[in-house]
There are 2 protein chains.
Amino acid sequence: MTETMHTTTTTRQQTRGGGPVQPRSATVLTPLGFGDVELTDGFLAQLQRENATTSIVKGHAHLERQQAWANFENAAARSVGEPYHGPVFEDGEAFKWLEAAAWEHGRAGSEQVAGWLAEYARLAASAQDDDGYLSTFNQAAGKRGRYEWISYDHEIFNMATMIQAAVARYRTSGEEDLLAVARRAADHLDATFGFDKRRETCGHPLVEMALVELYRVTGEQRYLDLASYFVEMRGHRTLTDPTWQGWTSVYFSDRIPVRETVYPEGHAVRAVYFASGATDVAIETGDEELFEALRRQWDNMVEAKMYVNGSLGSRWEGEAFGDPYELPTDRGYGETCAAIASIQWSWRLLLATGEAKYADLIERQLYNAVLSGVTLDGNRYFYVNTLQVREGAVAYDDRMGAAGRQEWFGCSCCPTNLMRTLASWHHYLATGSGAGIQVHQYGSATIDHGAARLRMTSDYPWHSEIEIAVEATGEDPWELSLRIPAWASGATLEVDGTPVPTASGEYARIARTWRVGDVVRLVLPTAPRTTRGHHRVDAVRGAVAIERGPLVYAIEHVDQDQISVDDAALTSLDLAEEWRDDLFGGIPVVTGPARNLPDGEVTRLVAIPYFMWANREIGPMKVWLPLDA
Amino acid sequence: MTETMHTTTTTRQQTRGGGPVQPRSATVLTPLGFGDVELTDGFLAQLQRENATTSIVKGHAHLERQQAWANFENAAARSVGEPYHGPVFEDGEAFKWLEAAAWEHGRAGSEQVAGWLAEYARLAASAQDDDGYLSTFNQAAGKRGRYEWISYDHEIFNMATMIQAAVARYRTSGEEDLLAVARRAADHLDATFGFDKRRETCGHPLVEMALVELYRVTGEQRYLDLASYFVEMRGHRTLTDPTWQGWTSVYFSDRIPVRETVYPEGHAVRAVYFASGATDVAIETGDEELFEALRRQWDNMVEAKMYVNGSLGSRWEGEAFGDPYELPTDRGYGETCAAIASIQWSWRLLLATGEAKYADLIERQLYNAVLSGVTLDGNRYFYVNTLQVREGAVAYDDRMGAAGRQEWFGCSCCPTNLMRTLASWHHYLATGSGAGIQVHQYGSATIDHGAARLRMTSDYPWHSEIEIAVEATGEDPWELSLRIPAWASGATLEVDGTPVPTASGEYARIARTWRVGDVVRLVLPTAPRTTRGHHRVDAVRGAVAIERGPLVYAIEHVDQDQISVDDAALTSLDLAEEWRDDLFGGIPVVTGPARNLPDGEVTRLVAIPYFMWANREIGPMKVWLPLDA
């Protein structure tokens, strides 16, 4: 490969095309260009289609029913005191949905989606105040003055979601209608906030990521500087909210500056969005001290504040991270949005470092903490992804649908977040660099980079044989890198029949002069395996989780003959895999010897992928199985 | 004993004297009369003195600082729109403190306390509206109209606390000043609420207990009928609160009628106050169906929704009961008030049935879930009584003082509740019946019943030798019943040197003709013992709790040489007791072989009574110890 697709530029030229996150500074890996990756078939491609035809379409109807856009119409009419619909961050939900529509437009498009994008871009523009301010709760509803309760009103958050939608729209279509609204909002924020202006920040982080992305698109340095200001302003206990009393600073990730933060804490989505935005700033400013602080925070999160499935935030109260190792299973919160935020964070760290652990976590969270958030038909959602639901919960308390997915929520952040994630998912599969192509996630897809074109074929995650065929290539040698997941010890790799050594948790790198017709075959082991609970986590001490390939498994009531989910314990680790055509159109289940505590007969339990639970009937489920020794 | 002290009367005569709960209907056991029990010496007597000289006095200052009484002054001035101080239930905190003052006045009195009682009774009277309504948030502050937001505004709850204070004041002094205010408030409620009037109830139960007690004092049947109405009105999902969305009915114990309730659920204090009040109604109306439903609910609560220490409500979110067996240790909530409410409930069930299990739970909760709520010097409080605090919590998040007691809280229910409980504690020690005297709780005390007078001497709970000397008695035979706690297998009992058989979990009954100078000696075993975690509770499976006598033990950072509290595991159950003069003026500690997980050296850990933790420095603590097998 002679070309480099590295899009880094130091000019201030506006940059279109691409997926989420297009660094201007040099990063180790570079996202591929717009349209350069396509999911062609298989499980994830099917999910993307369900997302387009069901989730995004129904999401539009749900937002209409919630009158989310009516708030903008009222603001556009400049009529103050109108009834307001939804929570203070309803604008944000609408824009998150609009961002999903923009990615979907870039992926496969449709006239309906194109129409929505044009219509709501116009509406946002007409609702925006002359100076760039846009947050309908404080405009049309006139509930409170501008920034009167900045901790709570989500005004900057709302504008940030609009900026993100505008970036997605511009990158996927080149349309500048919403981008102009985004620039005006960013200019308004820049004129209002700063160390020499209003020294405040928003209760809900997001603007940091949004401003950096807007900088990436526009080349406008002021936006990066403003993002940097918002990163540094947080952590000085300026945010207040009587609801949370003494815990306010923790809740808002405002207790200590990000450079000194050891563990993410407080509201999980806030904490991880903020870490993502700070990482963006570190990448674009070359601030190594900030970057290293964020890497340490990520390591600590993964070590002590994350569930086995990648869920984040163990506390229902405040939707918050617990203390280190406070990871109860039967009441874990694990908001879908927090896992999505974490994928965004890991993606940035992956681009900046090229380290496989970040792509490993993206895979873990996608399959086990994000996809669990939506039914296979794209109709219903989990806001909370708990690792255990007891019979008592099903019978007495299904609060916020922890036991069964819901069609929508008063706070619809998770569904809209899922939509934008799935619509843009293909962008996370592979990257390029001067050296070649790196494949991070597996499935059936085509990948273009410079003169090279690859066709990847796999029935992932059900089977882990991956074939990559070279359909086009330049003359010069280049390197194909394939992630060998940390769980994939014993993976085998060959190029045109010649074995290539692999090590799990690293990229296998094949540098050669490629020819059209070359075929690479990677086989990741899929024997069921178990993960032992950490001794510092009370709930899982002496218990194991079953995993298979990238999937965490769970036992669900409906699949068991004689095993009670609440009482089940494994009697040995003698697990087996069984293909079941009768389940979900064909999936591999895992079976194991088990009995009911305290003294049941030994029989076999049947485990299915965790993310597929609650797609049939509502009943008890659990991931962690005590070992009955 | 020839007299019966049974105070049951069917007349409508006003009844003074006595402690909390003086049934009019016949109950198996009858509370002793006013002044008939006195704690003379020892641990609990010392706590009562600290409560009087420190807690109640400082509580007065805290309430002054919070301007709790200023709200009443504003209401008395009939000036609407004044600034309001504290949460909507601030009246209730003031009255709970006033109830404590009333019991303290009855116990030992002081001119200062007598002055406060007269002063605040006058103030309450002057603040009361002409028709009997009294709730200063809605009066002087005029924040919302009367019963405009009945789910949240605590108006009926506030009046209920006043009624309870009035009953205490009347019983302990005969003063009718506050009682007159209470009657007017009850008459107002009676004129306002009912199946043929306003069909609503209060978001926070309490009025049920308060009205039955007012009925007991006044003989006014309407108050009992109104209490009965409030019991039946709950459980029909009439309460609303957008904060809790779909969970509202559960939170408010308003999801299903009490007669159909299987487990207490939702906000623990609400649920248990309500169960207590419903039990009062069942007792006074002779409603056996209702009574049996409540007994079943109590059994289920103890089986599946209570921590080993008696703490109730495992969820921080909503201060609520979890699902059955959802009892995580490292984030248990266990509000002090919930354990106090449970003591009130068990006391009623004990009076009605005479069954030892109710007195057993009172003991467990007093020593391990209520006394944990206050420092030994009476200065600082726990609102939350968690069974584990990790190093991370100490370092990063001491929300609401879970790791260290606080001087006061914005919501001061727990401190004031502790004060009224301790000031009236002697009333829970013993009861009478036609047959004789029943001793439920141990310590140094005098007990009078009819012609009999007993002097009990014990250094309980540190030592479990209990001596009861007969100092006076009538001529006829009567029965002395002594509770043998369920934990006290192997207890020995003798009368004047002659052994009497005992069975744990029952009352040992000695019926004879007593003579002055007779001495009964009871020795309860105090060897350290362990309780294994229930297999359905994730956090404690494979772990044990150490207990000794009535006390649950914990390991606290400050006492350990080489053991890290977070990592500690017991290597065997070879426990030993050691008397330590250097700790808290002399207490028995328990030691056991332990090591740090995953692979530390074996050494010995030192456990202290759980309720004494956080009296020295702030650091990690835990109750449940994993067994390293």
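These figures come from a predicted structure and were not determined experimentally. (Residues numbered from 1 in each chain as written. Chains lettered and ligands numbered in written order. Predicted model: local features only at pLDDT ≥ 70, side-chain atom pairs only at ≥ 80, totals over all residues. Heavy atoms only, no water.)

### A short note on the overall build of chain A
Heads up, the rule is: Think of it this way: any DSSP run of H or I at least four residues long counts as a helix, any run of E at least two long counts as a strand, and we number them from the N terminus. Based on C-alpha atoms, the radius of gyration is set beside the globule rule, defined as 2.2 Å times the residue count to the power 0.38. The cut-offs for exposure are 20% and 50% of the maximum accessible area for each residue type, with area from a 1.4 Å probe on protein chains only; residues under the lower value are buried, those over the upper are exposed, and the others partly exposed. Any two residues whose heavy atoms approach within 4.5 Å at even a single point are treated as in contact. Working definition of accessibility: Shrake-Rupley area with a 1.4 Å probe, residue cover restricted to the visible protein chains. Charge counting treats Lys and Arg as positive and Asp and Glu as negative, with His and both chain ends excluded. Here the site of a charge means atom NZ of a Lys, CZ of an Arg, CG of an Asp or CD of a Glu.
Scanning chain A from N- to C-terminus turns up 15 helices and 22 strands. For chain A, the C-alpha radius of gyration of 24 Å lies close to 25 Å, the compact-globule estimate for 629 residues. Each of the three principal axes of chain A carries a C-alpha extent, and together these read 70 × 65 × 45 Å. Going through the 629 residues of chain A one by one, you find that 67% of them count as buried. In chain A, 69% of the contacts between residues at least 6 apart in sequence involve partners at least 24 apart. For chain A, the computed accessible surface area is about 19600 Å², with 48% contributed by carbon and sulfur atoms. For chain A, the distance from the average site of its 57 positive side-chain charges to the average site of its 87 negative ones is 3 Å.

### Observations concerning the pattern of salt bridges
Residue and element names in this part refer to chain B. Using the following cut-off: Salt bridges are counted wherever a side-chain nitrogen of Lys or Arg sits within 4 Å of a carboxyl oxygen of Asp or Glu.
The tally for this structure, following the rule as stated, stands at 99 salt bridges over all chains. As a salt-bridge pair, Arg259 and Glu232 come within 2.6 Å of each other at their nearest N and O atoms. Remark: Glu232 occurs in helix H8 (residues 221-233) and Arg259 occurs in the loop between helix H9 (248-251) and helix H10 (268-285); sequence separation between them is 27 residues. Taking the relative accessible area as the measure of exposure, Arg259 reaches 25% and is therefore partly exposed. Among the ionic pairs, Arg595 bridges to Asp628, the shortest N-O distance being 2.3 Å.

### Quick look at the interface of chain A and chain B
Inclusion rule: Accessible area that two parts lose when put together, evaluated with a 1.4 Å probe and summed over both, is termed the buried area. Polar contact is the term for a pair of N or O atoms within 3.5 Å; when the atoms are in protein, one must be able to donate a hydrogen and the other to accept it, and sequence-neighboring residues count only if both atoms are side-chain atoms.
Chain A puts 37 residues into the contact, and the matching count from chain B is 37 residues. Here chain A and chain B share an interface that buries about 3600 Å² over both sides, 45% of which is from carbon and sulfur atoms. When the shortest N-O distance is used, the salt bridge between Arg331(B) and Glu317(A) registers 3.7 Å. Remark: the boundary between chain A and chain B carries 16 residue pairs in polar contact (both at pLDDT 80 or more). Take the side of chain A that touches chain B: its biggest share by element is three residues, from helix H14 (residues 391-396) of chain A.

### Topic: the packing of helix H6 (residues 177-192) of chain B against helix H7 (residues 207-218) of chain B
Residue and element names in this part refer to chain B. In plain terms, the rule: A fitted line through C-alpha atoms represents every axis, and for helices the fit uses only the stretch in contact; the resulting angles, taken between N-to-C directions, go from 0 to 180 degrees. Small angles under 35 degrees read as roughly parallel and large ones over 145 as roughly antiparallel, with 65 to 115 read as roughly perpendicular and the rest as oblique. Here a crossing is taken to be left-handed if its near helix is turned anticlockwise relative to the far helix by less than a right angle, and right-handed if that turn runs clockwise.
Where H6 meets H7, the axes come as close as 11 Å, and the angle between the chain directions of the two elements is 120°. Taken together, H6 and H7 sit at an angle that is classed as oblique. Taken as a pair, H6 and H7 cross one another with a handedness that is left-handed. Packed against H6, whose contacting residues are Leu179, Ala182, Arg183, Ala186 and Leu189, the element H7 presents Val207, Leu211, Leu214, Val217 and Thr218 at the interface.

### Focus on the pairing of strand S15 (residues 543-548) of chain B
All names here are of chain B. Rules: At least two DSSP bridges between two strands are needed for those strands to be called paired.
In terms of residue burial, S15 counts as a mostly covered element, since six of its six residues are buried. What you see with S15 is no split at all: Ala543, Ala545 and Glu547 on one side and Val544, Ile546 and Arg548 on the other are buried throughout. Judged from the four bridges that link them, strand S14 (residues 529-532) and S15 form a sheet pairing that is antiparallel. Counterpart to Arg532 in the pairing with S15 is Val544. Direction of pairing for S15 relative to strand S22 (residues 624-626): antiparallel, over a ladder of three bridges. Bridge pairing in S22 places Ala545 opposite Trp624. Examined bridge by bridge, S15 and strand S16 (residues 551-556) share two bridges and lie antiparallel to one another.

### Some thoughts on helix H15 (residues 413-423) of chain A
Every α-helix carries 3.6 residues per turn, so stepping three or four residues along brings you back to the same face. Of all 11 residues in H15(A), 11 are buried, a share of seventy percent or more. The secondary structure elements touched by the buried residues of H15(A) are helix H1 (42-65), helix H3 (90-107), helix H5 (155-173), helix H10 (268-285), helix H12 (336-353) and helix H13 (356-370) of chain A.

### Structural notes on the packing of aromatic side chains
Quick reminder of the rule: Note on ring pairs: Phe, Tyr and Trp rings are taken, using the six-membered ring of Trp, and paired if centres are within 6.5 Å. Classes follow the plane angle, with under 30 degrees stacked, over 60 edge-to-face and the rest tilted. Counting as a charge over the ring demands two things of the Lys NZ or Arg CZ atom: a distance within 6 Å of the ring centre and an angle within 35 degrees of the ring normal.
Summed over all chains, the structure comprises 58 aromatic pairs over all chains. With 5.0 Å between their ring centres and 80° between their planes, Tyr84(A) and Phe137(A) make a pair best called edge-to-face. With Tyr84(A) in the loop between helix H2 (68-76) and H3 and Phe137(A) in the loop between helix H4 (111-127) and H5, the pair connects residues that are 53 residues apart, well separated along the chain. Grouping residues by exposure puts Tyr84(A) and Phe137(A) together as buried. With 6.2 Å between their ring centres and 65° between their planes, Tyr367(A) and Tyr460(A) make a pair best called edge-to-face. Linking Tyr367(A) in helix H13 with Tyr460(A) in the loop between strand S7 (452-458) and strand S8 (465-472), this pair joins segments that are 93 residues apart in sequence. For the pair Tyr367(A) and Tyr460(A), one class covers both residues: buried. Feature note: the residues Trp69(A), Phe72(A), Phe95(A), Trp97(A), Trp116(A) and Tyr120(A) constitute an aromatic cluster, connected by ring pairs. When the ring centre of Phe274(B) is taken as reference, the NZ or CZ atom of Arg234(B) above it lies at 5.5 Å.

### With respect to the relation of the copies chain A and chain B
Threshold: Residues reaching a pLDDT of at least 70 in both copies supply the C-alpha atoms on which the copies are superposed by least squares.
Superposing chain A onto chain B takes a rotation of 180° combined with a translation of 0.1 Å along the rotation axis, leaving an RMSD of 0.0 Å. With respect to symmetry, the two chain copies, as superposed, fit the operation of a two-fold axis. Both copies share a contact surface, since 100% of the interface residues of chain A are interface residues in chain B too.

### Things to note about the packing of helix H3 (residues 90-107) of chain B against helix H4 (residues 111-127) of chain B
Residues and elements named next belong to chain B. Quick note on the threshold: Polar here means any residue other than Ala, Val, Leu, Ile, Met, Phe, Trp, Tyr, Cys and Pro, which are nonpolar, and Asp, Glu, Lys and Arg, which are charged; Gly is therefore polar.
Where H3 contacts H4, the two axes come as close as 9 Å, and the packing angle between them is 140°. Classified by the interaxial angle, the pair formed by H3 and H4 is oblique. By crossing handedness, the relation of H3 to H4 is classed as left-handed. Residue-level inspection shows Phe95, Trp97, Leu98, Ala101, Ala102 and His105 of H3 in contact with H4, the latter providing Val113, Ala114, Trp116, Leu117, Tyr120 and Ala124. When the residues that make up the contact of H3 with H4 are grouped by side-chain class, the tally is 11 nonpolar, one polar and no charged.

### Let's talk about the sheet that holds strand S6 (residues 444-449) of chain A
Remark on secondary structure: sheet strands pair via backbone hydrogen bonds, oriented parallel or antiparallel. Residues and elements named next belong to chain A. Pairing is antiparallel across the open sheet formed by seven strands, whose spatial order is S2-S6-S7-S8-S13-S10-S11. On the outer flanks of this sheet lie strand S2 (37-41) and strand S11 (498-500), each paired with one strand and no other. Neighbour to neighbour, the strand axes of the sheet diverge by 20° on average, direction disregarded.

### Considering H4(B)
All names here are of chain B. Inclusion rule: Working rule for helices: expected span equals 1.5 Å times residues minus one. Within this analysis, the arc is defined by the directions that extend from the helix axis to the C-beta atoms.
In this model, H4 (17 residues) spans 24 Å end to end at C-alpha, consistent with the 24 Å of a helix rising 1.5 Å per residue. Turning to H4, its buried residues are Val113, Trp116, Leu117, Tyr120, Ala121, Leu123, Ala124 and Ala127. Along H4, the residues classed as buried sweep out an arc of 165° about the axis, all on the same side. The outward face of H4, more than 90 degrees from its buried face, is lined by the exposed residues Glu111 and Arg122. Buried positions along H4 lie against helix H1 (43-65), helix H2 (68-76), H3, helix H5 (155-173) and H6.

### Section: the sheet that holds strand S4 (residues 430-432) of chain A
Residue and element names in this part refer to chain A. With respect to topology, five strands assemble into an open sheet ordered S1-S4-S5-S9-S12, the strand pairing being mixed. Each edge of the sheet is formed by a strand with only one pairing partner; in this case those strands are strand S1 (30-31) and strand S12 (506-512). Pairing of strand S5 (residues 436-439) with strand S9 (residues 478-484) involves four bridges; the strand directions are parallel. Bridged to Gln438 within S9 is Ser481. Contacts from H12 reach S1, S4 and S12 within the one sheet, and its direction differs from that of S4 by about 30°. On top of the sheet, H13 reaches S9 and S12; it is set at about 50° to S9, its chief contact.

Note that every value here comes from positions in space, so none of it alone points to a role or purpose.
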